[in-house]
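These are the residues of each chain, in order.
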Amino acid sequence: MKIIKKQKQSIAALAGITLGLLISGQAIAKVSDETLNSITTPDRVETSIGTLQFIDGAPLPETSRKVYDHLDTMRGVDAFLKGIPGASLHALISGTYAAGAIEAHQVLIMDKMLDSQPLFLTGNTSTMYVMPTLDLERDGPTVMEVPPGMLGLIDNAWFRYLGDIGPLGPDRGQGGKFLILPPGYEEAHEGNIPEGYYVVPSDSYHVWVVMRASVANGIEAAAQNIKENLRIYPLARQDNPPEMEFISSDGKAFNTIHANNFKFYEEVNAVIQKEPLELLDPELRGLYASIGIKKGKPFNPDARMKKLLTDAVAIANATARTNVWYPRTEGTMKGIEVFPGTDSAWTMGWVDKNVFFNGSDGSTMNSDARSYFHYFATGITPAMAVSIPGKGSDYAIAFLDADKQPFDGAKTYKVHIPANVPVNDFWALTVYDSQTRSQLQTDQRFPSIDSLQDLKQNGDGSYNIYFAPEAPEGYEENWLQTIPGKSWFTALRMYGPLEEWLNRSWRPSEVMPLN
């Protein structure tokens, strides 16, 4: 017992010596100055948000206020860039509702083709769109009877891919009955899913469907095929389905594009309130919770937070636009160029044609590639990036002219389309508004030119297409109108692209300023 007591006294004495050394500011084992400098904080730190002040590592109150303002602003920027897909699909459904297509059996159709009156992200004028919108929370499992010859996709409420319709879908282009299941339905009804359907489980209640119909046999025939054969109804009403209502977009002006101001966060909040908690992973849910967007809770930021988020969305919108117009082609956006290594301004819709934005390893999210696509386009399906000579379509977009400058609506530009355009079907050029990323509204109802029209050819079979406020003399058929004071961009669509396009041995010129 005496030995143990002496040991305890010795340990206590040693602890006292150690404590005394630490209190006196001495170190038992001194680390290098380099290490100390790497883990300590100076009393004054100059940063991009101003001077930050500390007392021996403890931040002063003014510094903490400044840092929290910056943190909340950064989170608001991140929330915008990561929320574009959800807000975009929410706006599509809201716009469709505004046009009058609310119930499952009410379907928006561009039976006169899509013109520039409605605001749709980079919609084309060459194929007929039909856009069912489903609410599985309201209707439960929903049936779509799809006619043959349709090409389409099914996406969830965060613009994630659920399935295909058409040649690359389970129907192989022959049409058939699709059954869209609400979140959790498969698990709750295991072994009791009706047979005779192409089953598509959804992890969200809102589901957006878009289908395109070929107009090779005429617009009227395409519209008739849809109206006579497309049927959509809740499975519970299969014995007495409601009569279809096809709502034409013709002559209607409505918006399907997400906001770029504070309203954006309200749009994201609407998605989070509507959809199952599990639609977003915990990390993304946590990001939105940090700025006040929580499922089951009202989104009502105070004056300070609303001011910060208003600033954040302005920064984020500028970031998204910069990423689109000037993608970092040697960084995160390497693989976006149509003609890499040639200083060309023509870009694609997806980095390396990866529609899931998950990198070459399939596991590394490229958030720049994701926000790039969703800021100016809609619709996610691997079918959009499949390159089969003579099939499908492919795209090139010019956001900048040959001098790498934004387009000026007061100037005249020319693009040269060489002879023997390698397409099985046809090619088209469409001009878009840089603000809305929708078709540019001009005196031309359809701001597009395609090879099915009677265009003026050069002697060698090539074409010169002009973008200008007024048509160059003698080239009225080859002219797309622009508006002084407005910027624009253009997309070249290749329908049934052949090998010479796919291997880039054939290429258009850059869009060249002439004045």
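As a starting point, this report considers the structure included with it. Worth saying up front: this structure is predicted, and the values here are computed from it rather than measured. (Residues numbered from 1 in each chain as written. Predicted model: local features only at pLDDT ≥ 70, side-chain atom pairs only at ≥ 80, totals over all residues. Heavy atoms only, no water.)

### Comments concerning the sheet that holds strand β22 (residues 488-497)
Step number 1: Pairing is antiparallel across the open sheet formed by five strands, whose spatial order is β15-β16-β22-β18-β19. The open sheet has two free edges, formed respectively by β15 (346-347) and β19 (448-450), since each of these has just one partner strand.
Step number 2: Sheet topology places strand β16 (residues 393-398) next to β22; six bridges connect them, and they run antiparallel. For A398, the partnering residue across the bridge sits in β22 and is T490. (Pairing = 2+ DSSP bridges. Helix = DSSP H or I, 4+ residues; strand = E, 2+ residues; numbered from the N terminus.)

### Remarks on helix α10 (residues 367-376)
Step number 1: The element α10 is largely enclosed, with a buried count of eight among its 10 residues.
Step number 2: Within α10, the full set of buried residues consists of A369, R370, S371, Y372, F373, H374, Y375 and F376.
Step number 3: Tucked into the core, α10 has its buried residues touching α3 (61-98), α9 (303-325), β15 and β16. (Buried < 20%, exposed > 50% of the residue type's maximum accessible area, 1.4 Å probe, protein only. Contact = heavy atoms within 4.5 Å.)

### Observations concerning the packing of aromatic side chains
How two aromatic rings sit relative to each other is given by the distance of their centres and the angle of their planes.
Step number 1: Following the criterion strictly, the structure yields 27 aromatic pairs and no others.
Step number 2: Plain terms: the ring middles of F467 and W488 are 4.7 Å apart, the flat faces sit at 20° to each other, and that makes the pair stacked. Within this pair, whereas F467 is found in strand β20 (residues 463-468), its partner W488 is found in strand β22, the two being separated by 21 residues in sequence. Comparing F467 with W488 shows no difference in burial state: the two are buried.
Step number 3: Members of the aromatic cluster, connected to one another through ring pairs, are W325, W350, F357, Y372, F373, F376, F399, Y432 and F489.
Step number 4: For the cation-ring pair, K306 lies above F262, with the distance from its terminal atom to the ring centre recorded as 4.9 Å. (Phe/Tyr/Trp six-rings, centres within 6.5 Å; stacked < 30°, edge-to-face > 60°. Lys NZ or Arg CZ within 6 Å of the ring centre and 35° of its normal.)

### Details of a negative patch on the surface
Step number 1: Together, D454, E473, E476 and E477 make up a negatively charged patch on the protein surface.
Step number 2: Of the residues examined, E476 reaches a relative accessible area of 44% and is grouped as partly exposed. (Patch = residues over 30% accessible without salt bridge, like charges linked within 9 Å, V, L, I, M, F, W, Y side chains within 5 Å. Areas by Shrake-Rupley, 256 points an atom, 1.4 Å probe, with all protein chains shown as cover. Salt bridge = Lys/Arg side-chain N within 4 Å of Asp/Glu carboxyl O. Lys, Arg positive; Asp, Glu negative; His and termini not counted. Charge placed at Lys NZ, Arg CZ, Asp CG, Glu CD.)

### Focus: the nonpolar core
Step number 1: Counting residues in each nonpolar core, the largest one holds 51 residues, and the members touching the most others are F80, W158, F264, Y265, Y288, I291 and F399.
Step number 2: Those elements that place two or more of their residues in this core are α3, α7 (263-274), α8 (282-290), α9, α10 and β22.
Step number 3: With eight residues, the single largest contributor to this core is α9.
Step number 4: Other than its neighbours up to four places away in sequence, W158 contacts K82, G83, P85, G86, V268, V271, L279, L280, L284 and Y288.
Step number 5: In terms of nonpolar packing, the next biggest core, distinct from the first, is built from 28 residues, V338, L440, F467 and L480 among them. (Core = buried A, V, L, I, M, F, W, Y, C linked by side-chain atoms within 4.5 Å.)

### Examining helix α6 (residues 219-229)
Step number 1: Every buried residue of α6 is accounted for by A222, A223 and I226. Along α6, the residues classed as buried sweep out an arc of 95° about the axis, all on the same side.
Step number 2: As for α6, its buried residues are in contact with β4 (106-109), β5 (128-131), β8 (150-155), β12 (206-213) and β14 (245-248). (Arc of directions from axis to C-beta.)

### A short note on the packing of α3 against α8
Step number 1: The N-to-C vectors of α3 and α8 enclose an angle of 130°; their axes lie 9 Å apart at closest approach. Between α3 and α8, the angle falls in the class oblique. Note on packing geometry: the crossing formed by α3 with α8 is left-handed. Of the residues in α8, those touching α3 at R75, D78, A79, K82 and G83 are L284, L287, Y288 and S290.
Step number 2: Split by residue class, the contact of α3 with α8 holds four nonpolar, two polar and three charged. (Axes fitted to C-alpha atoms, helices over the stretch in contact; angles between N-to-C directions. Parallel < 35°, antiparallel > 145°, perpendicular 65-115°, else oblique. Left-handed = near helix turned anticlockwise from the far one by under 90°. Nonpolar A, V, L, I, M, F, W, Y, C, P; charged D, E, K, R; others polar.)

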